[in-house]
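Summary of structural features
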Amino acid sequence: MMELDKKLTLAIHKLGKPLLPFWEFLSEYGLLAFLFFFFGLWMAADWWSYALLMVSGAVGVCFAATYSLRFVFRRARPDFMKTDYKLFHVKANEYSFPSLHATISGALATSVSLVVLEITTHQYALPAVIFLAIVAVLVTVSRIMVGVHYLSDILAGLAVGIGLTLLIL
């Protein structure tokens, strides 16, 4: 199973090589898109304290769960992909399973989508939910493209982020 994961990860990584600067930017700053989107909603409504509590609670629980799972699984980061990507925010000894970027992307996309669905009509919520899902997928895939995660790392991260968020909210 690990060999299949490695092959799929390498195949995905190779597809993204021509756009590596884009993936590096997305990997570093993609999560900010959620925050800007949420901040815009927050400033436009009077339900900000409720929304802030929901989103920050989901992200906090998912963050703690991911770090707990990392110390259970202790999976090393991929070392078979040659990349010049500099991991300013990742220590060499940090584990990769599940992906924290994927977990937080899943948690943010799900929690902000739930807030949007609750406060607006579905006609206006659908474009927002689609946008959030696209950003989550792009940020998550960027972690493979820059060579710091396996496919299973990001799939597990998304499952943790979305699953825990739906469970607690």
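To keep things clear, this report deals only with the structure shown in the data block. (Residues numbered from 1 in each chain as written. Predicted model: local features only at pLDDT ≥ 70, side-chain atom pairs only at ≥ 80, totals over all residues. Heavy atoms only, no water.)

1. Examining the overall build of the protein
In terms of regular secondary structure, the protein is built from 7 helices and 0 strands. Shown N-terminal to C-terminal, the secondary structure of the protein runs as helices and strands in the order α-α-α-α-α-α-α. Within the span of the protein, comprising 169 residues, buried residues form 43% of the whole. Looking at the protein alone, contacts between residues at least 24 apart form 84% of all its contacts between residues at least 6 apart. (Helix = DSSP H or I, 4+ residues; strand = E, 2+ residues; numbered from the N terminus. Buried < 20%, exposed > 50% of the residue type's maximum accessible area, 1.4 Å probe, protein only. Contact = heavy atoms within 4.5 Å.)

2. Describing helix 7 (residues 151–168)
Residue pairs three or four apart in sequence face the same way in an α-helix, which turns once every 3.6 residues. Taking 1.5 Å of rise per residue, the 18 residues of helix 7 would be expected to cover 26 Å, and the 26 Å separating its terminal C-alpha atoms lies within 8% of that figure. Among the residues making up helix 7, those that are buried are Leu151, Asp153, Ile154, Ala156, Gly157, Leu158, Val160, Gly161 and Thr165. (Expected span 1.5 Å × (residues − 1).)

3. Digging into the nonpolar core
Counting 26 residues, the largest nonpolar core has Phe34, Val55, Val59 and Leu108 as the members making the most contacts within it. Every element with two or more residues in this core is listed here: helix 2 (20–29), helix 4 (48–73), helix 5 (100–119) and helix 6 (122–145). Listed in part, the 5 residues of the second largest apolar core include Ala102, Ile144, Ile154 and Leu158. (Core = buried A, V, L, I, M, F, W, Y, C linked by side-chain atoms within 4.5 Å.)

4. Considerations on the packing of aromatic side chains
Taken as a whole and assessed by the stated rule, the structure comprises 3 aromatic pairs. Arranged with centres 5.7 Å apart and planes meeting at 90°, the rings of phenylalanine 71 and tyrosine 95 form a pair that is edge-to-face. Remark: tyrosine 95 occurs in the loop between helix 4 and helix 5 and phenylalanine 71 occurs in helix 4; sequence separation between them is 24 residues. Given the relative accessible area of 47%, phenylalanine 71 is considered partly exposed. (Phe/Tyr/Trp six-rings, centres within 6.5 Å; stacked < 30°, edge-to-face > 60°.)

5. Here's the deal with the side chain of aspartate 5
With respect to the element layout, aspartate 5 can be found in helix 1 (residues 2–16). Excluding its chain neighbours within four sequence positions, the residues that come into contact with aspartate 5 are Arg75, Tyr150, Leu151 and Ser152.

6. Some words on a nonpolar patch on the surface
Residues Leu19, Phe22, Leu126, Ile130, Ile134 and Leu138 make up a contiguous nonpolar surface patch of roughly 530 Å² in combined accessible area. Among the elements that take part in the nonpolar patch, helix 6 stands out by supplying 4 residues, more than any other. Here leucine 126 shows up in helix 6. (Patch = residues over 30% accessible without salt bridge, like charges linked within 9 Å, V, L, I, M, F, W, Y side chains within 5 Å. Areas by Shrake-Rupley, 256 points an atom, 1.4 Å probe, with all protein chains shown as cover. Salt bridge = Lys/Arg side-chain N within 4 Å of Asp/Glu carboxyl O.)

7. Topic: the pattern of salt bridges
Scanning all chains against the criterion turns up 2 salt bridges. A salt bridge links aspartate 153 to arginine 75; the nearest nitrogen and oxygen atoms lie 2.9 Å apart. Of this pair, aspartate 153 sits in helix 7 while arginine 75 is found in the loop between helix 4 and helix 5, placing the two residues 78 residues apart along the sequence. Given the relative accessible area of 0%, aspartate 153 is considered buried. Each of Asp5, Arg75 and Asp153 takes part in one network of salt bridges that share partners.

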